[in-house]
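Notes for the structure review
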Amino acid sequence: MSTRPAARPVRTPGLSAKEEIMARLRAALDVPRRDAVTEAADVPRDYQRADDRQEVSTDPAKVRDVLAQRIADYRATVHRTTPSQLPAAIAEALDGAGSVIVPPGVPEGWTAQVAATVQVDDGTPGPRELDVIDAVLTGCHTAIAVTGTLVLRSDDLSGRRALTLVPDRHVVVVQADQVVLGVPKGIERMGEDPASPWTLISGPSATSDIELERVEGVHGPRQLHVVLVDPEPEPEPDSPAPDGTSASAPTSQETYR
Amino acid sequence: MSATVNLGMPAVRPQHASPSSTLRGTRGFPDAAREELTDEVLRGNLRHATTTIQAKRAGVVREVRDWQKLRNAGSALKWQVTDHLPELLEQLEESVTAAGGTVHWARDAEEAGEIVTSLAIERGAREILKVKSMATQEIALNETLEHAGIRAIETDLAELIVQLAGDTPSHILVPAIHRNRAQIREIFLASMPDLDPSITDDPAELAGAARRYLREKFLDSPGSVAVSGANFAVADTGTLVVVESEGNGRMCLTLPRTLISVVGIEKVVPSFQDLEVFLQLLPRSSTGERMNPYTTLFTGVREGDGPQEFHLVLLDNGRSAVLEDPDGRSALHCIRCSACLNVCPVYARAGGHAYGSTYPGPIGAILSPQMTGVQDAEDPSATLPYASSLCGACYDVCPVKIDIPAILVHLRAKDVDRRRGTRGEFHGAWDVSMKGASRLMSSPRAYDIAVRSAGTLAKVMPGKNIGTLPHALPIVPGWTDHRDLPKPGPSFRSWWDQHEKQRAAGSASGAGAAPATGGDEQQEDQA
Ligand code: SF4
């Protein structure tokens, strides 16, 4: 393209592409960058990690509030409920849908009050068949509060990936013990099974490609409903908190990032 | 010096990118920019886009208390990657293979194109689905496939617009930013046969049209082959990470039978855990969101979920040459967030096309010439390191702390050395103005006179900007042709002289006017 044609990169006869690339890289690195080479141990890890005080000690109720608020920011619909009210909340989130598909691990109770036909996925419906189903109901693996992110693992609770992609409405149930505060804790949980396909969802799909105007719902489900299950309210106001955190530790006043 | 490769082979040297790559413009930056600057639509769109994203980015970055620590970690991780690239790539290949994927190595654009084309042909594909990827853009994969009779369908809305219009992308993140809604409506009407002509230019309607058009393609997955890039490739687990907004990525990564990912060798990250850094840095820097709508992580193949065949093409194409320069190699650390483009005053005016490369903006100005190499003084790549005012905003926003200004200066120095070696090559307008500028900068007295007289000149000109002042300032001819030169306030030297005089005179008011900043760029960044 320039004034004179540039030379084609040299390929050495007798070397495989891999051997040649490796040899090029080793030759390039022969010139040291500086006196020191960065090793894994040199990476400063003083940012807030999974074991950060804020992650560990923030009141879970407060973390759930952040999650709900961040998801709503993305203009997804948040339904807050409790275990006993869950079937009703799910029915509300699925209101108007005529057909619903669920992965095999979704508890039967979840769909007890759903008016629509409920189909349990056996792995066979293809994209075209999924496309005519109105909604999909799944659980999730983890939810990250600070970023409003739902983390789905390809399993019996969250479903194979096509399931949560093709139907136009996705209803996700988030249990209280699945909620973490920050991204590092979320990645730590995912790291227990890194080889699984994972999908991180932060609001419905969106584009800003036309004059930077945000348009929601491009190719993924256009409606995202999150049913967030808070613990049942305490019958007696002064009994200890149910989830092991001491009720006398409402001192975490840190602001969220 | 020369690397000995213990294979008994002749010494292998790092190689620049194939000339067929879309990395080198057809003319130098100044010429290309001059033409782009006449496009008022482009300038307007770009200014709107860059200022909007910039403000969003600054807002979400400010929320993160440990942002600087995350940047430090991101930067160190990237140095770890470049320092250990061969080992990490070996590890990546092992992990991907163990997870049921196949790894291919591509020395250059041609080799990558051949690999993808033959994989597609072997699977009988006449059409393939594509997720936006700069690596495939760089190697002109669509054109290569077309030669083989295979049609690549771009599935990102912006890429689709660009493809249907027969354009090239102008921004890493918003490739169609040079098109406004009315133009996009026309493009769609001309190329989507089923589209109802009553469609308005409302972005939601236009996006809806694209959804319907592409959905048919996704659900049938023609040829059942998809090609993607990846944002990160994790060495210890073999996991590929694709970060996106629209869902077309999920479609392409999930529904087809065969998935081919073309990934630059610099995209490797050491461990799965390191994603905790990059998945915080990238979305906030890029689209200014706390997290992008969709991120997919996949490792090889998974029975019953997603593609049943996965091919990873690891691409060199000039990256080894970038790695060879210890002072320039950190250009490989780029995670393509595009934050540096949005803060760059030169980019905001000239637009992406002026850079003539897949990689525009400040990062392109240091990456493209290193990938292509510079053949001679006429090489368009040689002008790129000058496409900057060295204001430093790019470094401040870069999530992995690439010192772009330092590398620009380094590449300019190399360019000057090259020119010194070949006498008589200072003749283009660009050279002359650069020479003028360097003469000016190298003489404090000449500089002083120039700046002081600019201040005096400003007094007789009304308004904030002097406006186009061709050749009124003889020092840097041509500079103001395409730039509204901010009216200089008093120079620091004049101000200081004045200030000292006043002080000596015991003036009680004390303060002369501080030097005014005439420019209209704001950097609101540090968080
Ligand atoms: S150089 Fe830095 S700021 Fe620019 S695109 Fe790359 S990562 Fe982003």
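For the structure, see preceding data.
Notes on the structure in this doc start here. Bear in mind that the values here come from a model prediction, so they are computed numbers and not experimental data.

What follows deals with the overall build of chain A. For chain A, the helix and strand inventory stands at six helices and twelve strands. When contacts within chain A are restricted to residue pairs at least 6 apart in sequence, long-range pairs at least 24 apart make up 72% of them. Carbon and sulfur atoms form 51% of the exposed surface of chain A, whose accessible area is close to 11,000 Å².

All names here are of chain B. Their axes nearest at 11 Å, the elements helix H8 (residues 157-165) and helix H10 (residues 203-220) cross at an angle of 85°. It follows from the interaxial angle that H8 and H10 lie roughly perpendicular. Each of Leu 157, Leu 160 and Leu 164 in H8 lies in contact with H10, whose residues at this interface are Ala 207, Ala 210, Tyr 213 and Leu 214. When the residues that make up the contact of H8 with H10 are grouped by side-chain class, the tally is seven nonpolar, no polar and no charged.

This brings us to the site of the ligand. Close to the ligand lie Cys 334, Ile 335, Arg 336, Cys 337, Ser 338, Cys 340, Ile 363, Cys 398, Pro 399, Ile 402 and Ile 404 of chain B. Considered class by class, the residues forming the shell around the ligand number nine nonpolar, one polar and one charged.

All names here are of chain B. Taking strand neighbours across the sheet as the criterion, the six strands line up as E1-E10-E7-E4-E2-E3 in an open arrangement whose pairing is parallel. Of all the strands in the sheet, the pair left with one neighbour each is strand E1 (102-106) and strand E3 (151-154). Neighbour-to-neighbour, the strand axes of the sheet open up by a mean angle of 25°, direction not taken into account. Where E1 lies against strand E10 (residues 309-315), five bridges are found, and the strand directions are parallel. Bridging from a neighbouring strand, Val 103 pairs with Leu 312 of E10. Most of the contacts of H10 go to E3, to which it runs at about 125°, and overall it touches strand E2 (127-130) and E3.

Residue and element names in this part refer to chain B. Summed over the entire model, instances satisfying the criterion amount to zero disulfides over all chains. Lacking any disulfide linkage, Cys 344 is separated from the closest cysteine sulfur, that of Cys 391, by 6.4 Å. For Cys 344, a relative accessible area of 8% puts it in the buried group.

All names here are of chain B. Look at helix H16 (residues 361-372): 16 Å from first C-alpha to last across twelve residues, which is about the 16 Å you get at 1.5 Å a residue. Across the twelve residues that make up H16, a large majority, twelve, are buried. Where H16 terminates, the next one or two residues include Gly 373, which has phi positive at roughly 75°.

Looking now at the interface of chain B and chain A. Each partner contributes to the interface: chain B provides 119 residues, whereas chain A provides 97 residues. In this assembly, chain B packs against chain A so that about 9,600 Å² is buried in total across both faces, 59% of it on carbon and sulfur atoms. The closest approach of N and O atoms between Asp 274 of chain B and Arg 45 of chain A, which form a salt bridge, is 2.6 Å. Across the chain B-chain A interface, the total number found is 41 residue pairs in polar contact (both at pLDDT 80 or more). Per element, the largest residue contribution to the side of chain B that touches chain A is twelve residues, and it comes from H10 of chain B.

Conventions adopted
Throughout, residues of each chain are indexed from 1 in the direction in which the sequence is written. Each chain gets a letter, beginning with A, and each ligand a number, beginning with 1, in the order they are written. For a predicted model such as this one, the threshold for reporting local features is a pLDDT of at least 70, and the threshold for listing and counting side-chain atom pairs is 80 or more; totals across whole chains, interfaces and linings nevertheless cover every residue. Side-chain measures were taken over the full set of non-hydrogen atoms in the model, leaving aside hydrogen atoms and water. Think of it this way: any DSSP run of H or I at least four residues long counts as a helix, any run of E at least two long counts as a strand, and we number them from the N terminus. Residue contacts are counted whenever heavy atoms from the two residues lie within 4.5 Å of one another. Under the convention used here, a 1.4 Å probe and the Shrake-Rupley method define accessible areas, while residue burial counts only the protein chains that appear. A fitted line through C-alpha atoms serves as each axis, taken over the contacting stretch for helices, and the angle formed by two N-to-C directions is quoted from 0 to 180°. An angle below 35 degrees is read as roughly parallel, one above 145 as roughly antiparallel, one from 65 to 115 as roughly perpendicular, and any other as oblique. Three residue categories are used. Nonpolar comprises Ala, Val, Leu, Ile, Met, Phe, Trp, Tyr, Cys and Pro, charged comprises Asp, Glu, Lys and Arg, and polar comprises the others, including Gly. Nearness here has a simple test: a residue counts as near a molecule or strand if at least one of its heavy atoms is within 4 Å of that partner. At least two bridges found by DSSP between two strands is the condition for calling them paired. Note on terminology: disulfide denotes any pair of cysteine sulfur atoms within 2.5 Å. Buried, partly exposed and exposed residues are distinguished by accessible area as a fraction of the type maximum, computed with a 1.4 Å probe on protein chains only: under 20%, between the cut-offs, and over 50%, respectively. Every helix has an expected span of 1.5 Å times one less than the residues it contains. Defined here as a combined quantity, buried area equals the accessible surface (1.4 Å probe) lost by two parts on assembly, summed across both. By definition here, a salt bridge exists when the distance from a side-chain nitrogen of Lys or Arg to a carboxyl oxygen of Asp or Glu is within 4 Å. Whenever a nitrogen or oxygen atom comes within 3.5 Å of another N or O atom, the pair is scored as a polar contact, on the condition that within protein one atom can donate a hydrogen and the other can accept it, and that pairs from neighbouring residues in sequence are kept only if both atoms are in side chains.

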